[in-house]
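Coordinate analysis (summary)
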Amino acid sequence: MPPLKVDSNYWRSLDDLTGTEEFEKFVQLEFPALAAEGPDPFSRRSFLKLMAASAMMAGLASCRWPEEVIAPFAKQPENRLPGVPVQYATAMELGGVARALLVTSYDGRPIKIEGNPDHPRERGGTDLLAQASILDLYDPARTRTPRHQGEAATWEAFTSYFREHAGQNGAGLRVLFNGSGSPSVADMKDRFRAAFPEARWHEFTPVARDNEREGVLLAFRRPVRTDLRLANARVILSIDSDFMMTHPAAICYSRDFADGRNPGEEMNRLYAVESTFSVTGTNADHRFAVRPSEFGSFCFHLAVELTARGLSLPGEGWNFETAPPLPEDWRYIGPLAEDLLNNKGRAVITAGPRQMPAIHALVHAMNAALEAPGNTLVYRPDPEEHAYEETGSFQELSEDIRAGEVETLLILSGNPVFDAPADEDFPALLKKVPHTVHLGLYENETARLCEWHLPMAHYLECWGDARGWDGTYSVCQPLIAPLYQGKSVPEVLALLTDEEVAKGHGIVRRTFDSLGYGTEERDWRRALRDGFVPGSALREATPDIDGALIAEAVLAGLEASPVAGGAGYELVFTPSHTLYDGRFANNAWLQELPDPVTKVVWDNPALISVQTAEELGLRHGDVVRIETADRGLDVPVYILPGVADRTIVLETGYGHTAGGPVAVETGYETEMLRTAARWHFAGALDVRKSGRKVSVVTTQDHHAIDTKGMKEREERSFDLVREMTVGEYIRSEVAEADSESPSREEIPPLVPSPEVDAPHKWAMTIDLNRCNGCNACVVACQAENNIPVVGKDQVAVGREMHWLRIDRYFRGDPHKPEAVHQPLPCMQCDNAPCEQVCPVAATMQNKDGLNVMVYNRCIGTRYCQNNCPWKVRRFNYFNLNLDVSETEKMQKNPDVTIRSRGVMEKCTYCLQRIERAKIQARNERRPIADGEVEPACAQSCPTKAIIFGDLADSDSRVASIQYKDRRDYATLEHLGNKPRTRYLARVRNLNPELNEAEG
């Protein structure tokens, strides 16, 4: 067997490792049976005996087939061929908003999630949460049966129990729900209230948009939803709004924004004002870091600058004569206001959900003055109109429990014990309620404190419906029968109210008919086939803005931020990019997925700026004590350029004590610092260094690319990431500079490359101007290619298995950096350096010129990994599929080999998809059409930044780009490896006046 790597400097033999902690971990991972024999079985003799026995048993096992029972279909389903995948349209609801999906199913088991290309808004894009949700379906840690006092029970027993304790007409009954935009849920909610008229319904979700809704009521006095039209915008100002990542319509908005970034056309320009780097901020042309307490002042001064330049805000009462002078650090507000004003009718301002209602109201007023409504945004009736009534209802529930008015509490999904405001002390309140019931996927912190815990069905197991951000109606159909005994929220409500229609299908069909989308069977089947109802978006509204009320609210106290300013430290709470509010904490794919900005895995350290770290004398991993007035938290720090000075950023959703083996004790429970008054921001912090240090694992510095010799060849611009301004692009300065240096074909390679003569020449181009670094492609690749997770300890030593990574680079002043993302799959070189060093030809070119791996040949020398300049090859040190449960095996893609251990893995451009397209085209006696083959990464990308095709087809899009687009380049091109994965340089649309204002 190969030696075990201890560190990067030297190797030890097996004898030297015997008895060490590392060897014990190795045996536990690879040979759990041996590890269970006793505390100290790790001798060389016992190890060799085990290996000999394993070889003998393997030989015996190969002598006969294991016994299996194969039963044919008594009646084969229509249009169903065994082994041939089929796709079904459905939707996933998150945050009250639907994501339109296509789910691939193999022989009745869903294995892969894609976006629905026919959906008018999302157009085939998905996000990382939707991609990873397939893993939750097969999670063996999910609740399997109803449980009463920790013991297995039945749904019938629970129904009898509930009817006994529901009270007369629901007296003393309360329902706590985490919110939904589903029409069927709304219908069942009304029916539940009719059945229990004295019961009260409360809603709480930790990722709330309450401030946004209150700002809408302040501006319009009626519930409406703002829907951006970024495709029409030429100037966009984002005020703490991560509309590319965390917004419910992020898939649509990312695509619309990317469509406006074509350098050959009039490009949009994005300004971002935020306290910490968001995905939107990393894509901004100009980004400004402000402290939480300064947002109100920023918006106030922006309104002053706009009115000073002649913009008339709606209504009366706007008096800025006594406004304080513009701070010297904010000189950029003047050019920013000028740019907005010069693009009247083509500009839009958006504020994030953390900002207070007065800021949202002022943003509505400024948008109205800039003629944004009808052009760069529209207003629609809010499908979640009920949420306006439920704002603050969680505090009402807490008061009722303290008053002893709650006899029975039904918690429909959610985890309020974990994520409710800390000052409410919900665990103690829950113990005061005599009868408690929880419905959820996992036995989480709330479930453990409830008398009853009921299994909830995964969205791929049940019928449902949902609306998109614009109101487009989607039907959620099940892809598989419930693996356990789970039920959906509408089904539970129907069960408790003795509804005649108690099954999910009947409930959704009844809602579909009542909404007027058609009552005939063909209308229903068309909705199931498409996954949505065309033309069902809610009509645009034209609400009257109450400018006088906004002016009164703004001038009365916009600068009075809910955060105490001054010289103290301030705190920002932000939902996790990967775990959302913590509901995905038991998803190992998401835990090991590097954060799009920090690249941290399995953790949520406190983010601080470079200057704050210098001020406190901190380095990566130093543990600090953060204390508010009544509570404190010990958490390690991570120094991130671009964070506002004297600001600390905490991600929520980590630090669980229940909810599955992956979720438990991962990260830090930052929720303990959140209170109802300090839900998004907190001030007056006491921050001090504790003296302890822990490991914060980040992947950004892994697989460093050696750029030696590049300085000597700077005239050829062999940068890893290339950027230019739109002015440079228009003036063709880059093209003129390239004409003075050798062309791509004229650059002499270090090693002569053979000519590749193949029927197909598959290639990929990644447009850095469209890629926003959202990580959807990384999860899609993992799901498609059966890529395992390795755990935090193995990632710490650089052994993560992702075939595709996204590098994040900062440039410029660490206090005011620019950021860019660069996806790195295999480069698929025509002159591949990995092939030249493999002693057994395990890595080779196939007949299409692709660099592929023959796993059966690989002997694990890792020479290819050492010789790859881009470091995109992965070696599986352990058998990570050894103890996979039976349900987890159901998720695996049968078209992709399950690798054991000791072989090299890498991106293959999803070779299985290429071969499937070849077979179909051959059967239909036609050539493969351009765009017919899409790797998982390209198919999932919401911005369509990844273009894949055949260079042998001169009319293909990828050939046109790689041969004609002057932004085209390849990384490390001077090595002469002729990579087929190439890039389009990023173009920034800078404001020249603003650059002068910044000095």
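For the structure, see preceding data.
Residues numbered from 1 in each chain as written. Predicted model: local features only at pLDDT ≥ 70, side-chain atom pairs only at ≥ 80, totals over all residues. Heavy atoms only, no water.

Time to look at the overall build of the protein. Secondary structure summary: the protein contains 35 helices and 38 strands in total. Partitioning the intrachain contacts of the protein with sequence separation of at least 6 by distance along the chain shows that 74% fall at a separation of at least 24. In the form shown here, the protein has an accessible surface area of approximately 40400 Å², with 49% of it arising from carbon and sulfur atoms. (Helix = DSSP H or I, 4+ residues; strand = E, 2+ residues; numbered from the N terminus. Contact = heavy atoms within 4.5 Å. Areas by Shrake-Rupley, 256 points an atom, 1.4 Å probe, with all protein chains shown as cover.)

What follows covers the environment of Leu270. By the element assignment, Leu270 lies in strand S12 (residues 269-274). Take Leu270: its relative accessible area is 0%, and that puts it in the buried class. Considered as a pair, Leu270 and Val235 are 35 residues apart in the sequence and their alpha carbons are 6.1 Å apart. Here Leu270 is in contact with Ile236, Ser238, Phe243, Met244, Phe257, Arg261, Thr280, Asn283, Ala284, Asp285 and His286, once residues within four sequence places are set aside. (Buried < 20%, exposed > 50% of the residue type's maximum accessible area, 1.4 Å probe, protein only.)

Counted according to the given criterion, the structure contains 71 salt bridges. One salt bridge in this structure joins Arg770 and Asp259, with 2.7 Å as the shortest N-O distance. Residue Arg770 is found in the loop between strand S28 (762-767) and helix H27 (776-784), and its partner Asp259 is found in helix H9 (residues 250-259); the two are separated by 511 residues along the sequence. Residue classification places Arg770 among the buried positions, given a relative accessible area of 11%. Where Arg646 meets Glu615, a salt bridge forms, and the shortest distance between an N and an O atom there is 2.1 Å. You can see Arg646 sitting in the loop between strand S24 (632-639) and strand S25 (647-652) and its partner Glu615 sitting in helix H24 (residues 610-616), a full 31 residues away along the chain. For Glu615, a relative accessible area of 39% corresponds to the partly exposed category. A network of salt bridges, in which partner residues are shared, links Arg625, Glu627, Asp634, Asp686, Arg688 and Arg692. (Salt bridge = Lys/Arg side-chain N within 4 Å of Asp/Glu carboxyl O.)

Our focus in this paragraph is the packing of helix H8 (residues 210-220) against helix H13 (residues 357-369). Here H8 crosses H13 at 50 degrees, and the two axes come no closer than 7 Å. Classed by the angle they form, the pair H8 and H13 counts as oblique. Pair H8 / H13 crosses with right-handed handedness. Packed against H8, whose contacting residues are Asn211, Glu212, Glu214, Gly215, Val216, Leu218, Ala219 and Phe220, the element H13 presents Pro357, Ala358, His360, Ala361 and His364 at the interface. Taken together, the residues of the contact of H8 with H13 sort by class into 7 nonpolar, 4 polar and 2 charged. (Axes fitted to C-alpha atoms, helices over the stretch in contact; angles between N-to-C directions. Parallel < 35°, antiparallel > 145°, perpendicular 65-115°, else oblique. Left-handed = near helix turned anticlockwise from the far one by under 90°. Nonpolar A, V, L, I, M, F, W, Y, C, P; charged D, E, K, R; others polar.)

Taken in spatial order, the 4 strands line up as S13-S12-S11-S14 in an open sheet, and their pairing is parallel. The open sheet terminates on both sides in strands that have one partner only, identified here as strand S13 (286-289) and strand S14 (347-351). On average, each strand axis in the sheet is inclined to that of its neighbour by 10 degrees, with strand direction left out of account. Relative to S14, strand S11 (residues 235-239) runs parallel, the two sharing 5 bridges. If you follow Ser238 over to S14, its bridge partner there is Thr350. Sheet strands in contact with helix H11 (residues 295-308) are S11, S12 and S14, and its direction is about 150 degrees off that of S11. (Pairing = 2+ DSSP bridges.)

Looking now at the pairing of strand S20 (residues 473-476). The two faces of S20 match: Tyr473 and Val475 on one face and Ser474 and Cys476 on the other face are all buried. The sheet contact formed by strand S19 (residues 464-467) and S20 spans 4 bridges and is antiparallel. Its bridge partner lying in S20, Gly464 is registered against Cys476. The hairpin turn running from S19 into S20, its antiparallel successor, is 5 residues long, and Gly471 in that turn takes a positive phi close to 95 degrees.

Turning to empty space enclosed by the protein, a few remarks are in order. Regions of empty space are outlined by a rolling probe, equal in size to a water molecule, passed over the atoms. Applying the stated rule across the entire model yields 13 cavities of 30 Å³ or more. For the largest cavity, the calculated volume is near 480 Å³. Residues that form the lining of the largest cavity fall into these classes: 13 nonpolar, 11 polar and 9 charged. Here the second largest cavity is characterised by a volume of approximately 190 Å³. Surrounding the second largest cavity, 14 residues form its lining, Glu212, Thr226, Thr350, Ala351 and His364 being those nearest its centre. Listed by contribution, the elements that provide at least two residues to the lining of the second largest cavity are H8, strand S10 (224-228), S14 and H13. A total of 4 residues in the lining of the second largest cavity trace back to one element, the largest contributor, which is H13. A breakdown of the residues in the lining of the second largest cavity according to their chemical character gives 6 nonpolar, 6 polar and 2 charged. (1 Å grid on protein atoms, 1.4 Å probe; cavity = no way out; pocket = protein on both sides within 12 Å on 5 of 7 lines; lining within 4 Å. Points joined across faces, edges and corners; volume = space filled by probe spheres on them.)

Note: strands within a sheet are paired through backbone hydrogen bonds, in either parallel or antiparallel orientation. The 3 strands lie next to each other as S3-S4-S5, forming an open sheet whose pairing is antiparallel. Each of the sheet's edge strands pairs with one partner strand only, and the pair in question is strand S3 (86-94) and strand S5 (109-115). Sheet twist, expressed as the average angle between the axes of neighbouring strands with direction ignored, equals 40 degrees. Pairing between S3 and strand S4 (residues 97-106): 9 bridges, direction antiparallel.

Quick look at the packing of aromatic side chains now. Within this structure, the stated rule accounts for 27 aromatic pairs. Measuring from ring centre to ring centre gives 4.9 Å for Phe875 and Tyr877, while their planes differ by 85 degrees; the resulting arrangement is edge-to-face. On the basis of relative accessibility, which here comes to 22%, the residue Tyr877 falls in the partly exposed class. Among the aromatic residues, those joined into a cluster by ring pairs are Trp155, Phe158, Tyr161, Phe162, Phe177, Phe192, Phe196, Trp201 and Trp452. (Phe/Tyr/Trp six-rings, centres within 6.5 Å; stacked < 30°, edge-to-face > 60°.)

One finds Leu237, Phe298, Leu302, Trp318, Leu340, Ile349 and Met366 to be the most contacted residues of the largest nonpolar core, which totals 159 residues. Considering every element that reaches this core, the biggest residue donor is H11, with 8 residues. Those residues in contact with Leu340 that lie beyond four places of it in its chain are Val235, Leu237, Leu302, Leu306, Ala347, Ile349 and Leu370. Ala199, Val437, Val492 and Ala494 belong to the second-largest nonpolar core, a separate cluster that totals 27 residues. (Core = buried A, V, L, I, M, F, W, Y, C linked by side-chain atoms within 4.5 Å.)

Let us now look at helix H15 (residues 393-402). Restricting attention to buried positions, one finds in H15 the residues Ser393, Phe394, Leu397, Ser398, Asp400 and Ile401. Looking straight down H15, one finds that the buried residues subtend no more than 160 degrees of arc, so they occupy a single side. Backbone geometry just after H15 places Gly404 at a positive phi near 75 degrees. (Arc of directions from axis to C-beta.)

The geometry of helix H20 (residues 504-514) relative to helix H21 (residues 521-530) is characterised by a closest axis approach of 11 Å and an angle of 110 degrees between their N-to-C directions. Here H20 lies roughly perpendicular to H21, going by the angle between them. In this structure, the crossing between H20 and H21 has a hand that is right-handed. Packed against H20, whose contacting residues are His505, Val508, Arg509 and Phe512, the element H21 presents Glu521, Asp523, Trp524 and Ala527 at the interface. Split by residue class, the contact of H20 with H21 holds 4 nonpolar, 1 polar and 3 charged.

Bringing unusual backbone geometry into the picture now. Look at Asp107: it is not a glycine, yet its phi comes out positive at around 50 degrees. Counting through the fold element by element, Asp107 comes out in the loop between S4 and S5. A positive phi is found at Gln149, a non-glycine position, where the angle reads about 55 degrees. You can see Gln149 is positioned in the loop between strand S6 (147-148) and strand S7 (151-152).

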